[in-house]
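The chain contents come next:
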Amino acid sequence: MQLIKNAKILEDSHLVTRDVLIDGKKIVKVSENNNLKVDTFDAKGAFLSSGLVDVHVHFREPGFDYKETIATGSQAAARGGFTTVIAMPNLNPVPDTAERIAAQIKLNETNGTVHVKQYGAVSADLIASKISDISGMSAAGAVAFSNDGKGVQTADTMLQAMVAAAKADKPLVAHLEDDSLLHGGVMNAGKQSKKLEIPGITGLAESSQLARDLMLAKATGVHYHVAHISTKESVALVRIAKLQGVNVTAEVSPHHLLLSDTDIKGDNALFKMNPPLRSQADRQAVLAGLLDGTIDMIATDHAPHGTAEKNKPFREAPFGITGIETSFQLLYTHLVRSGVMTLETLLQRMISAPIASFKLEAPTEIKPGETADLALFDLEHQKTISVDKFKSKGKNTPFIGWQVYGNTLATWVDGQLVYQSL
Ligand SMILES: NC(=O)N[C@@H](CC(=O)O)C(=O)O
Ligand SMILES: [Zn+2]
Ligand SMILES: [Zn+2]
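Given the structure is predicted, the values throughout are model-derived calculations rather than measurements.

**Observations concerning the UniProt feature "binding site: Zn(2+) 2" (unreviewed entry) in the chain**
Link 1 in the chain: UniProt records the feature "binding site: Zn(2+) 2" (unreviewed entry) at D148, H175 and H228, using the numbering of this structure. These annotated residues cover 81 residues of sequence, and their C-alpha atoms lie no more than 10.1 Å from one another, placing them together at a single site.
Link 2 in the chain: Looking at the element boundaries, H175 is found in the loop between β10 (172–174) and β11 (187–188).
Link 3 in the chain: The class of H175 is buried, set by 24 C-beta atoms lying within 10 Å.

The following block contains the structure:
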């Protein structure tokens, strides 16, 4: 047994001081002044939450171990306060068969220090027009399906994938990108791309494919989930679709909530990701969508890359930034402390919404009987984001040097202390 003493927890929207007793994997008691003589962790008044949940991460193993591994990625997750994540299938080999899914799940369980769930690919190598064995992969343990990194180019492929995912009762997650509208773009098309003379990607590449998909989702009844939503038109489309009863959910990344293309001051690929940082108006729209529930949840799209490749010019560097170690502190500082949303709402968007949408077995409350997947955050002291402290191999973040509150002090998975800040 172990005891976490003097933790602040949210109870009926209020912060109260509690002692949390853990036996094995489970919370067994939540009370005041528990003086049981067992192994004790003094939380010293810091904020204890159920572990965060991220439905969109890239852990790069197998195939791209120089960028990240399941071990380093899941240690980074623990350092960010996350206890359950779902890993994308843009790996080598791509998990696009039942056999490969089974092998990947084994690898995730062996090497992961948090719960690492797995996406199956919608089609072979993420690009084939013929869909993969979605029912077989589902039976083998894939929790959802996506070709993330690539858009599904034809309506027919998407329609078949949706029919199969609906049958398997699993979410179909869309990275929206119409290749025919890209024209070599690498940042948002607009004033800033013109100023920097960097080729632009129009928001239409996302929203036009979304409009198509929403009609297909309505026809099939599939749970359709929009990955990394980024434009005001996309938010409007999801809002209308929800009103029409389409079974749609959406996620937004911390960077699309906090940055826009005007933050790109020069040729710096630390600001390069897909979808790109959009306009101020788009940023306002995704924030408004998150606040009113049109956008259901936050997902980091943690996309680690090597330092050398991210040091290349904007046109050549790979798309993607890391995010799992910085997301809670950035959002706590810039949305909660600044008064845009309550801590409760932020946690709903980072814990209960993803768990409910993806039907994950993970705790949403600190109470007896729940699994002891927990994260302890320091809401009082300011820290500077420094990649030197990253557990992730990926140091590619535009948030270096930002001052933040909400640093993770400790993380428990299944009752085991898996991270502690020194
Ligand atoms: N987001 C990115 O810019 N990159 C992701 C792929 C993706 O999420 O589309 C990656 O795997 O690096
Ligand atoms: Zn994507
Ligand atoms: Zn991604």
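**Regarding the site of ligand 1**
Link 1 in the chain: If you check the shell around ligand 1, you find H58, N90, D148, G149, H175, M273, N274, D301, A303, F319 and G320 and nothing else.
Link 2 in the chain: Among the residues forming the shell around ligand 1, the class breakdown is 3 nonpolar, 6 polar and 2 charged.

**Regarding unusual backbone geometry**
Link 1 in the chain: The omega angle of the peptide bond from E61 to P62 is 5°, so this bond is cis rather than trans.
Link 2 in the chain: Within the element layout of this structure, P62 appears in the loop between β6 (52–57) and α1 (70–79).
Link 3 in the chain: A positive phi angle, near 45°, is found at N33, a position not held by glycine.
Link 4 in the chain: Tracing the sequence through the fold places N33 in the loop between β3 (26–31) and β4 (39–42).
Link 5 in the chain: For D125, which is not glycine, the phi torsion reads 55° and is therefore positive.
Link 6 in the chain: Relative to the elements of secondary structure, D125 occurs in the loop between β8 (115–120) and α3 (134–139).
Link 7 in the chain: On the basis of neighbour count, D125 is assigned to the partly exposed category, with 15 C-beta atoms found within 10 Å.

**Concerning the environment of P313**
Link 1 in the chain: Within the element layout of this structure, P313 appears in the loop between α10 (307–310) and α11 (327–337).
Link 2 in the chain: Taking the C-beta count within 10 Å as the criterion, P313 has 12 such neighbours and is therefore assigned exposed.
Link 3 in the chain: For the pair P313 and P199, spaced 114 residues apart in the sequence, the C-alpha separation amounts to 12 Å.
Link 4 in the chain: Beyond its immediate stretch of four places on either side in the chain, P313 contacts D267 and A269.

**Here's the deal with the domain arrangement of the chain**
Link 1 in the chain: Splitting the chain by domain gives domain 1 (2–47 + 368–420) and domain 2 (51–357).
Link 2 in the chain: Computed over C-alpha atoms, the centres of domain 1 and domain 2 are 26 Å apart.
Link 3 in the chain: On the domain 2 side, the residues contacting the 28 residues of domain 1 number 36 residues.
Link 4 in the chain: Among the secondary structure elements, those contributing two or more residues to the side of domain 1 that touches domain 2 are β16 (374–378), β19 (407–413) and β20 (416–420).
Link 5 in the chain: With 4 residues, β19 is the single largest residue contributor to the side of domain 1 that touches domain 2.
Link 6 in the chain: Class assignment for the residues of the side of domain 1 that touches domain 2 results in 15 nonpolar, 9 polar and 4 charged.

**A few points about the pairing of β8**
Link 1 in the chain: For β8, the buried fraction is high: 6 of the 6 residues fall into the buried class.
Link 2 in the chain: The pairing of strand β7 (residues 82–87) with β8 spans 4 bridges and is parallel. Bridge pairing in β8 links A87 to Q118.
Link 3 in the chain: As paired strands, β8 and strand β9 (residues 144–146) are joined by 2 bridges and run parallel to one another. Pairing of G120 across the sheet is with F145, part of β9.
Link 4 in the chain: Crossover β8 to β9 through α3 is right-handed.

Definitions and cut-offs
- Residues numbered from 1 in each chain as written.
- Chains lettered and ligands numbered in written order.
- Predicted model: local features only at pLDDT ≥ 70, side-chain atom pairs only at ≥ 80, totals over all residues.
- UniProt positions renumbered as here; feature names shortened; annotations may be inferred.
- Helix = DSSP H or I, 4+ residues; strand = E, 2+ residues; numbered from the N terminus.
- Buried ≥ 20, exposed ≤ 12 C-beta atoms within 10 Å, placed from the backbone.
- Near = placed C-beta within 6 Å.
- Nonpolar A, V, L, I, M, F, W, Y, C, P; charged D, E, K, R; others polar.
- Contact = placed C-beta atoms within 7 Å.
- Domains from an automatic or database assignment.
- Pairing = 2+ DSSP bridges.
- Right-handed = clockwise from strand over helix to strand, strands pointing away.

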